Structures are given as structure tokens and as C-alpha cells.
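Each chain is listed here by its residues.
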Amino acid sequence: MSTTWHILGAGSLGTLWATRLARAGVPVRLILRDHARLASYQAGNGLTLVEHGIEHTYPVIGETPDSPEPIQRLLVACKAYDAQSAIAQLQQRLAADAELILLQNGLGSQDAVAAQVPQARSIVASSTEGAFREGDWRVVFAGHGYTWLGDTGQPTPPLWLDDLHAAGIPHEWSSEILTRLWRKLALNCAINPLTVLYQCRNGGLQDHQCEVATLCAELAELLECCGQPAAAQALHSEVQRVIQATASNYSSMYQDVANARRTEISYLLGYACQAAARHQLVLPHLQQLQARLVGYLRERGLASD
Ligand code: NAP
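Bear in mind the structure is a predicted one, so any value in this text is a computation, not a measurement.

Hey, could you run me through the packing of aromatic side chains in this one?
Each aromatic ring pair is specified by the distance between its two centres and by the angle formed by the two planes. Using the criterion set out here, one finds six aromatic pairs in the structure. Aromatic side chains tryptophan 5 and tryptophan 17 sit 6.4 Å apart centroid to centroid with 45° between the ring planes, which places their arrangement in the tilted category. Taken together, the residues tryptophan 5 in strand 1 (residues 5-8) and tryptophan 17 in helix 1 (residues 12-23) connect sequence positions 12 residues apart. By relative accessible area, tryptophan 17 is classed as buried at 1%.

Here's what the structure looks like:
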């Protein structure tokens, strides 16, 4: 019997993983916030995944954090700002040799979690897959992509990558996972905050090319300084390519703000500015961008952390 995947957070990515693993016959359990969320979940038939307009519902078992069963493998699928508090509730249940797979965007939450549960193996992921919630317990698979996984402390790939293979989750074990996370963070910092400030789709940044180029130069300087020269390579041309390729899309940060949801700013632009400060690196445009974004969020009564 293969090890159960406990999935913490039944949002977009949590559902995307839970449904595909369940479809492949891999044992999965969903950990929901509390008894009220569990009751809401149990009132339906399970988790629904809508893919290419076709929907399937999977009767994945739900539970609350206080359920007694020990946890061997935990997929953490909350937002970066929720990861630590969500894991704190499970601390007593984690097996001595538990493994955590961290799906959070940006940087900062992964180190915080690893320090919180030093006995566990923390595997970090960077994904280009896209999904959104159409309602509670119902998720649309919006963008096919790839997930890179890696462990900065231990290069050996885990055997359960076979489960991902069986579930049809495109993935690769990466020895350069930090470089991938930094690169994605830099792309995000160069694009997402400006789409919020200019209230535009990604393609709207074609009207702000100088500003984008200046930010890319500063971000590349930061990456070099943080020991990530590979993540700095040809950053500006990739940012331009992404802006063109996703011209009609609204960035995730734009969508969070438009829906009055908390953004992950502290783990993206905020993390970049803190890293610059740690290295005594003066990056005026990046710092100004953060101040403008924080001001913009505060003016609208939104969380700015
Ligand atoms: P999401 O749809 O907001 O889902 C987060 C889930 O976490 C929610 O279901 C929430 O529960 C749950 N949660 C929060 N605190 C919890 C707790 N204490 N106990 C149990 N559940 C808890 O977020 P997402 O879009 O899947 O994003 C997750 C991470 O993946 C983010 O860092 C995001 O940047 C990254 N990511 C997302 C995508 C994407 O396409 N969505 C792509 C790449 C990366 P409730 O339902 O009760 O609120």
C-alpha cells in the first residue's frame, strides 16, 4: 500500500493535485481548515476538476487538522502567508521522518517552514501549471505546465515521484530548484506589481518598456549579488517574451487585488527588497516600486504585507 498524500489546502493547486492523484488510485486525504469547512465539503460529492470543459468529481476523503492519523507525506497547498500557521496545527501529527512538499510561490515561506519542522524533509516546488477556483470544491485547470521539485539539502530524488508519473503530473527533479524559484520571483517582480499600478493586462506593459527594462537591470544585479547568476541571465529578454506571450492575461497579483484578496507581496517584491537591504544593495526603482504598491494597497484598504 503506498503512502497517503495528505493535502493541506483544498484551493486551486491543492485540488489540482488531489484530483489527479486520486484519479490514479493513489491514497489522498484533504486537510480542511476546520469543522465548518469539513461539513461544507461533506455536504457535496467531493472535489471537482474541470479540464478542457469536461468535469469529473472525485470523492477524496476530508478531515480536519485535529484528526489523529499520523502524517508521513504532506503537500502544502496554502498561500505563502498561511503556510506556517497551517503547518503549526499539524506539528503533533508529523511523523519523525515526514516529508513536506511546498508549493508556495515566491521565497521566504519555504525557509520559515523548514525551520519550523527541522525533523522533516522539505521539498520545494516551482510550478507553471495554472488553476482557479470556480467555487468551493470546484477548480478549473486553466493552464497546463510543468512542476520542478528539489531539495537544497539532499539531492536524491524521492521514490514517490512515481506517484506523480502515475497521476500524469508533469514534473522534473531539479538540482537547481533555488535558481528556478529566484528566476520566477524576478519575473513576477518585473511584471505583476506594474500590472496592478497601471491596472492593465500583462500586454499593457508594452507601453512601459523603459520602466520594465530598468527593473530588470536592478533585479539582475540583485540575483548576481545573492549568488544566483544563472537566474539573472537574459532576464530582460525573458520578461519581454512573457509579456508578449501572456499579453491578454491578467497577472495573479492583479486578480488578487481586483478581488480584494490578500497578495503574496511579502514573498515576492517584499522578499527581493529585503534581500537587497541585507546585501546593502541600493536598488532605487525596485524600492520605489514596493513603496508605490504598498501605498496602492493601503489606499484601497487591502493588506500590504
Ligand atoms: P488558493 O486557491 O487560495 O488555496 C489556498 C487554500 O489553502 C484554500 O483552500 C484555503 O482554505 C487553504 N488554507 C489556508 N489556511 C489553511 C489552514 N490553516 N488549514 C487548511 N487549509 C488552509 O491558493 P492557490 O491558488 O492554490 O495557491 C497556493 C500556492 O500556490 C500560492 O503560493 C500560489 O502563489 C501558488 N501557485 C498557484 C498557482 C495557481 O494557478 N493557482 C500556480 C502556481 C503557483 P479555504 O478554502 O478554507 O480558504
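So what exactly am I meant to see when it comes to the sheet that holds strand 7 (residues 94-102) here?
Pairing is mixed across the open sheet formed by eight strands, whose spatial order is 5-2-1-6-7-8-11-12. Looking at which strands have only one partner, the edges of the open sheet turn out to be strand 5 (61-63) and strand 12 (171-173). Sheet twist, expressed as the average angle between the axes of neighbouring strands with direction ignored, equals 25°. Examined bridge by bridge, strand 11 (residues 147-150) and strand 12 share three bridges and lie parallel to one another. Following the sheet pairing, leucine 149 is matched in strand 12 by tryptophan 173.

What's the story with the packing of helix 7 (residues 209-225) against helix 12 (residues 284-299) in this structure? I'm lost.
Axis separation between helix 7 and helix 12 bottoms out at 8 Å; the angle between their running directions is 110°. Classified by the interaxial angle, the pair formed by helix 7 and helix 12 is roughly perpendicular. Side by side, helix 7 and helix 12 meet where Glu211, Thr214, Leu215, Glu218, Leu219 and Leu222 of the first sit next to Pro284, His285, Leu286, Leu289 and Arg292 of the second. For the contact of helix 7 with helix 12, the per-class residue count stands at six nonpolar, two polar and three charged.

Hey, could you run me through the site of the ligand in this one?
For the ligand, the set of nearby residues contains 26 residues, the closest of which are Leu13, Arg33, Ala131, Arg133 and Glu264. Interatomic distance of 3.1 Å between a backbone N/O atom of glycine 11 and an oxygen atom of the ligand. Considered on its own, the ligand offers 900 Å² of accessible surface; in the complex 85% of this is hidden by protein. Of all the secondary-structure elements, those providing two or more residues to the shell around the ligand are helix 1, helix 3 (80-88) and strand 9 (130-135). Its residues assigned to classes, the shell around the ligand comprises 11 nonpolar, eight polar and seven charged.

I tried to follow the pairing of strand 6 (residues 71-76) on my own but got confused; where do I start?
Each regular strand shows side chains that alternate between the opposite faces of the sheet. By the criterion of burial, strand 6 is predominantly enclosed, with five of the six residues buried. Judged from the four bridges that link them, strand 1 and strand 6 form a sheet pairing that is parallel. By the bridge assignment, leucine 8 is partnered in strand 6 with valine 76. Inspection of the sheet shows strand 6 paired to strand 7 by five bridges, in the parallel sense. Its bridge partner lying in strand 7, valine 76 is registered against leucine 102. With respect to chirality, the unit in which strand 6 leads through helix 3 into the neighbouring parallel strand 7 is right-handed.

Please clarify how the packing of helix 6 (residues 177-197) against helix 12 should be interpreted in this entry.
Helix-helix packing: each pair is described by the crossing angle between the helix axes and the interaxial distance. The geometry of helix 6 relative to helix 12 is characterised by a closest axis approach of 10 Å and an angle of 40° between their N-to-C directions. In this view, helix 6 runs oblique relative to helix 12, as classed from their interaxial angle. Seen from above, helix 6 lies across helix 12 with left-handed handedness. For the pair helix 6 and helix 12, contact is made by Cys189, Pro193, Leu194, Val196 and Leu197 and by Leu289, Arg292, Leu293 and Tyr296, respectively. Residue composition of the contact of helix 6 with helix 12, by class: eight nonpolar, no polar and one charged.

Cut-offs used in this document
Residues numbered from 1 in each chain as written. Predicted model: local features only at pLDDT ≥ 70, side-chain atom pairs only at ≥ 80, totals over all residues. Heavy atoms only, no water. Phe/Tyr/Trp six-rings, centres within 6.5 Å; stacked < 30°, edge-to-face > 60°. Helix = DSSP H or I, 4+ residues; strand = E, 2+ residues; numbered from the N terminus. Buried < 20%, exposed > 50% of the residue type's maximum accessible area, 1.4 Å probe, protein only. Pairing = 2+ DSSP bridges. Axes fitted to C-alpha atoms, helices over the stretch in contact; angles between N-to-C directions. Parallel < 35°, antiparallel > 145°, perpendicular 65-115°, else oblique. Contact = heavy atoms within 4.5 Å. Nonpolar A, V, L, I, M, F, W, Y, C, P; charged D, E, K, R; others polar. Near = heavy atom within 4 Å. Polar contact = N/O pair within 3.5 Å; in protein donor to acceptor, adjacent residues only side chain to side chain. Areas by Shrake-Rupley, 256 points an atom, 1.4 Å probe, with all protein chains shown as cover. Right-handed = clockwise from strand over helix to strand, strands pointing away. Left-handed = near helix turned anticlockwise from the far one by under 90°.

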